[in-house]
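Read off the chains here:
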Protein chains: 4
Amino acid sequence: MRRPFLGVIGAGSRSSLVEDLAAEVGREIARHDAVLICGGLGGVMTAAARGAKEVGGFTVGILPGACSRDANAYIDFPIATNMGQARNAVIVQTADVLIAIDGGYGTLSEMALALKLGKTVVAIQSRFAIPGVLAAQTPSEAVSIALAACPKM
Amino acid sequence: MRRPFLGVIGAGSRSSLVEDLAAEVGREIARHDAVLICGGLGGVMTAAARGAKEVGGFTVGILPGACSRDANAYIDFPIATNMGQARNAVIVQTADVLIAIDGGYGTLSEMALALKLGKTVVAIQSRFAIPGVLAAQTPSEAVSIALAACPKM
Amino acid sequence: MRRPFLGVIGAGSRSSLVEDLAAEVGREIARHDAVLICGGLGGVMTAAARGAKEVGGFTVGILPGACSRDANAYIDFPIATNMGQARNAVIVQTADVLIAIDGGYGTLSEMALALKLGKTVVAIQSRFAIPGVLAAQTPSEAVSIALAACPKM
Amino acid sequence: MRRPFLGVIGAGSRSSLVEDLAAEVGREIARHDAVLICGGLGGVMTAAARGAKEVGGFTVGILPGACSRDANAYIDFPIATNMGQARNAVIVQTADVLIAIDGGYGTLSEMALALKLGKTVVAIQSRFAIPGVLAAQTPSEAVSIALAACPKM
């Protein structure tokens, strides 16, 4: 039986408050034996991957560039797409459910694409109000909602 | 000197009112000697391409599938990306400016990606209120704003 | 009825002899009212596009980068894929038939991909002997073979 | 320190002899604590991933489609690119070194692309003679050559 893949999306460079949220989301994902998938770079992506590794989880990073070494230090499995922002589609397609944390236009683009593809999107501290996105107040709540929405395998 | 490339984004299947708007956007683009680039399929994409061809313009369709014949009948240059929704990134990167007409989650995703990449986005009858998007009331106004925002070449 | 799309593949930097061949291939494509599609950059790609423009043809360039301005000066319709070498798949999928001129590993990769996808590949002065590739001695012969192999539309 | 990523490329449907070779390549990769990356589908890809799992290794599958469930049963980390054959570029970019087993045009395309990008390619029972490819007689020899060619991290 395959583990759930939870995607974490959010901007490359945010406040320490947002990074604390992301790290706790990463820990919660790993505590539930789910795999964390993200964009593999900095900010929310680094914080979430660091959190997952703190509690022994697995992390996948879908990179925009052609070089695996661009991944942050907490990515176990870096994937070098060399597709730029189009790599967001790979994150969205590969994840069972998406958790958005804060985020700018890039995150908005991923949220919309996920909804377009029929995936559940859970948001913490989203700066955009998008119909169809499920709001969560805490990392624990976000991961609970996300796991409940995972297709049964 | 290269002609401006104006991207038209919008959903695959809409009302006749929306398609009338799209056709007039296509005509306006062609009247100003700009190239229309779109997703190459139905709804807003067919209507806009039809409008451009009515007044002798050129049309480029960036298709999600692997077969050029999936393009609607008004596309002069179909590009078969076989990238699915990730082809939206190719539309956004290739267009100088984007004009969004009505549209659902897919269009929202393209608008956000365009803003992320620093491109101007003009919207007619958008269903989403996104900071940074320029609103237009008519096709003529949308194309005027778009042409004014094109980088000088 | 859609015009045939003939892909021209070859390396970015070659000898003047190879570029003369490429320019004549471009002219022959345009003389037969076919559209030239190529990678949009230098060497064989520039020479072939220049040839096509000399006799009034249309040229499409599928670029590896995110910026249309990277296209050579003879490309009418630059497409900014930002997919790096994966853009070769877009050239192969979009072209009805491929004509390879000289070329290195990149060209070999495109030839093999085209054969994998069931497309006809014609080669002039190929440096690799690949079963299934049709050899031509002159630009005129290459374009004749390519046009004969185009699917009827 | 990141583990080496060894890419295994080969056709989707081969003889049982070829699959035996692929399974032993997979076992050798895992015995050396390297990660196996492949196209995630059948034939050589299934056999190699099965071998790696038999001895406790990790497997990554870069899928051509949009659905993770298309992966074979031995893939730990399926990546749903929805890029079709262009996903080969992701395998090549992500792997430190490529091992080709038997294979048809698709494999040839990946070998050429890897050489174009400056990666080492080791081949067992290749059906094509490509300058620059290193030949190996056995799975053990192929993995030894591949590991020796991995960039130091």
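Calculation criteria
Residues numbered from 1 in each chain as written. Chains lettered and ligands numbered in written order. Predicted model: local features only at pLDDT ≥ 70, side-chain atom pairs only at ≥ 80, totals over all residues. Heavy atoms only, no water. Salt bridge = Lys/Arg side-chain N within 4 Å of Asp/Glu carboxyl O. Helix = DSSP H or I, 4+ residues; strand = E, 2+ residues; numbered from the N terminus. Buried < 20%, exposed > 50% of the residue type's maximum accessible area, 1.4 Å probe, protein only. Least-squares fit on C-alpha atoms with pLDDT ≥ 70 in both. Contact = heavy atoms within 4.5 Å. Buried area = accessible area lost by both parts, 1.4 Å probe. Pairing = 2+ DSSP bridges. Axes fitted to C-alpha atoms, helices over the stretch in contact; angles between N-to-C directions. Polar contact = N/O pair within 3.5 Å; in protein donor to acceptor, adjacent residues only side chain to side chain. Phe/Tyr/Trp six-rings, centres within 6.5 Å; stacked < 30°, edge-to-face > 60°. Core = buried A, V, L, I, M, F, W, Y, C linked by side-chain atoms within 4.5 Å. Parallel < 35°, antiparallel > 145°, perpendicular 65-115°, else oblique. Left-handed = near helix turned anticlockwise from the far one by under 90°. Nonpolar A, V, L, I, M, F, W, Y, C, P; charged D, E, K, R; others polar. Disulfide = S-S within 2.5 Å. Right-handed = clockwise from strand over helix to strand, strands pointing away.

1. Topic: the pattern of salt bridges
All names here are of chain A.
Next, step 1: Per the counting criterion, the structure on display carries 32 salt bridges over all chains.
Next, step 2: Between D96 and R2 there is a salt bridge, with the nearest N and O atoms lying 3.5 Å from each other. In this pair, D96 sits in the loop between α3 (87–94) and β5 (97–101) while R2 sits in the segment before β1 (5–9), placing the two residues 94 residues apart along the sequence.
Next, step 3: Using a relative accessible area of 18% as the deciding quantity, one classes R2 as buried.

2. Quick look at the relation of the copies chain D and chain A
Next, step 1: Aligned on chain A, chain D shows an RMSD of 0.0 Å; the corresponding rotation is 180° and the shift along the axis is 0.0 Å. A rotation of that kind, with that shift, is consistent with a two-fold axis.
Next, step 2: Same-surface contact between copies: 100% of interface residues of chain D are shared with the interface of chain A.

3. Quick look at the interface of chain D and chain A
Next, step 1: Facing the 23 residues of chain D at the interface are 23 residues of chain A.
Next, step 2: Counting the surface lost from both chain D and chain A, the interface buries some 1,900 Å², and carbon and sulfur atoms represent 64% of this.
Next, step 3: Per-residue buried area on chain D facing chain A is highest for R69(D), F77(D) and Q93(D); these three make up 29% of the total on that side.
Next, step 4: The interface formed by chain D and chain A contains zero salt bridges.

4. So, the relation of the copies chain B and chain C
Next, step 1: If you rotate chain B by 180° and push it 0.0 Å along the axis, it lands on chain C with an RMSD of 0.0 Å.
Next, step 2: A share of 96% of the interface residues of chain B reappears at the interface of chain C, consistent with the copies meeting face to face through the same patch.

5. Quick notes on the sheet that holds strand β7 (residues 134–135) of chain B
Residue and element names in this part refer to chain B.
Next, step 1: Strand order in the open sheet formed by seven strands is β4-β3-β2-β1-β5-β6-β7, with parallel pairing between adjacent strands. Looking at the sheet topology across the chains shown, the edges are occupied by β4 (77–80) and β7.
Next, step 2: As paired strands, strand β6 (residues 120–124) and β7 are joined by two bridges and run parallel to one another. Bridge pairing in β7 links V122 to L134.
Next, step 3: The sheet contacts of helix α1 (residues 16–31) involve β1 (5–10), β2 (35–38), β5 (97–101) and β6, and relative to β5 the element is tilted by about 155°.

6. Thoughts on the interface of chain B and chain C
Next, step 1: Every contact between the two is made by 23 residues of chain B and, on the other side, 22 residues of chain C.
Next, step 2: Here chain B and chain C share an interface that buries about 1,900 Å² over both sides, 64% of which is from carbon and sulfur atoms.
Next, step 3: Taken together, the connections running from chain B to chain C amount to zero salt bridges.
Next, step 4: Here chain B is connected to chain C by two residue pairs in polar contact (both at pLDDT 80 or more).
Next, step 5: Mapped by element, the contributors of at least two residues to the side of chain B that touches chain C are β3 (59–63), β4 and α3 (87–94) of chain B.
Next, step 6: Per element, the largest residue contribution to the side of chain B that touches chain C is four residues, and it comes from β4(B).

7. Describing the sheet that holds strand β1 (residues 5–9) of chain C
Residues and elements named next belong to chain C.
Next, step 1: With respect to topology, seven strands assemble into an open sheet ordered β4-β3-β2-β1-β5-β6-β7, the strand pairing being parallel. Both outer strands of the open sheet, β4 (77–80) and β7 (134–135), are each paired with one neighbouring strand and no more.
Next, step 2: Sheet topology note: the β1/strand β5 (residues 97–101) ladder contains four bridges and is parallel. Within β5, the position partnered with V8 by the bridge is I99.
Next, step 3: Strand contacts of helix α4 (residues 105–116): β1, β5 and β6 (120–124), with the helix running at about 150° to β6, the strand carrying the most contacts.

8. Looking at the packing of aromatic side chains
Next, step 1: Under the counting rule described, the total for this entry stands at 20 aromatic pairs over all chains.
Next, step 2: Plain terms: the ring middles of F77(A) and F58(D) are 5.6 Å apart, the flat faces sit at 75° to each other, and that makes the pair edge-to-face. Separated into two different chains, F77(A) in strand β4 (residues 77–80) and F58(D) in the loop between α2 (44–54) and β3 (59–63) make up a pair that spans both.
Next, step 3: Here the aromatic residues F5(A), F58(A), F77(A), F5(D), F58(D) and F77(D) are joined through ring pairs into a cluster of three or more.

9. A closer look at the nonpolar core
Next, step 1: Counting residues in hydrophobic clusters, the biggest one holds 112 residues, and the most contacted among them are V60(A), V60(B), F77(B), V60(C), F77(C) and V60(D).
Next, step 2: In this view, V60(C) contacts F77(B), I79(B), V35(C), L36(C), I37(C), C38(C), I75(C), F77(C) and I79(C); residues no more than four positions away in its chain are not counted.

10. Concerning unusual backbone geometry
Trans is the common state for peptide bonds, and a negative phi is the common state for residues other than glycine.
Next, step 1: Its identity as a non-glycine residue notwithstanding, D33(B) has a phi of 60°, on the positive side.
Next, step 2: Along the chain, the position of D33(B) falls in the loop between α1 and β2.

11. Quick look at the side chain of N72(D)
All names here are of chain D.
Next, step 1: Structurally, N72 can be placed in the loop between β3 and β4 (77–80).
Next, step 2: In this structure N72 comes out as buried when scored by relative accessible area, which is 11%.
Next, step 3: For N72, the side chain forms a polar contact with the side chain of T46, separated by 3.4 Å.
Next, step 4: A distance of 2.9 Å separates a polar side-chain atom of N72 from the backbone nitrogen of Y74.
Next, step 5: When near neighbours in sequence (up to four residues on either side) are disregarded, N72 contacts G40, L41, M45, T46 and A49.

12. Points about the packing of helix α1 (residues 16–31) of chain D against α2(D)
Residue and element names in this part refer to chain D.
Next, step 1: As a packed pair, α1 and α2 sit with axes 6 Å apart at the nearest point and diverge in direction by 40°. In terms of orientation, α1 and α2 fall into the oblique class. Crossing handedness for the pair α1 and α2: right-handed. Of the residues in α2, those in contact with V18, E19, A22, A23, G26, R27 and A30 of α1 are V44, A47, A48, R50, G51, A52 and E54.
Next, step 2: For the contact of α1 with α2, a count of residues per class yields eight nonpolar, two polar and four charged.

13. Some words on the state of the cysteines
Next, step 1: The tally for this structure, following the rule as stated, stands at zero disulfides over all chains.
Next, step 2: Of all cysteine sulfurs, the one in C67(C) lies closest to C150(B), which takes part in no disulfide; the gap is 13 Å.
Next, step 3: C150(D) provides the cysteine sulfur closest to C38(D), a residue in no disulfide bond, and the two sulfurs are 16 Å apart.

14. Digging into the pairing of β5(B)
Residues and elements named next belong to chain B.
Next, step 1: Within β5, five of the five residues are buried, which leaves it mostly tucked inside the rest of the structure.
Next, step 2: Note: β1 against β5, five bridges, orientation parallel. When the bridges of β5 are listed, G7 appears paired with L98.
Next, step 3: Taken together, β5, helix α4 (residues 105–116) and β6 form a β-α-β motif whose crossover is right-handed.

15. A word on the environment of I101(C)
Residues and elements named next belong to chain C.
Next, step 1: Note that I101 resides in strand β5.
Next, step 2: The class for I101 is buried, based on a relative accessible area of 0%.
Next, step 3: Non-local contacts of I101, meaning those with residues more than four positions away in its chain, are made with V8, I9, G10, V18, L21, A22, V25, V44 and I124.

Read these as spatial facts, not as claims about activity.
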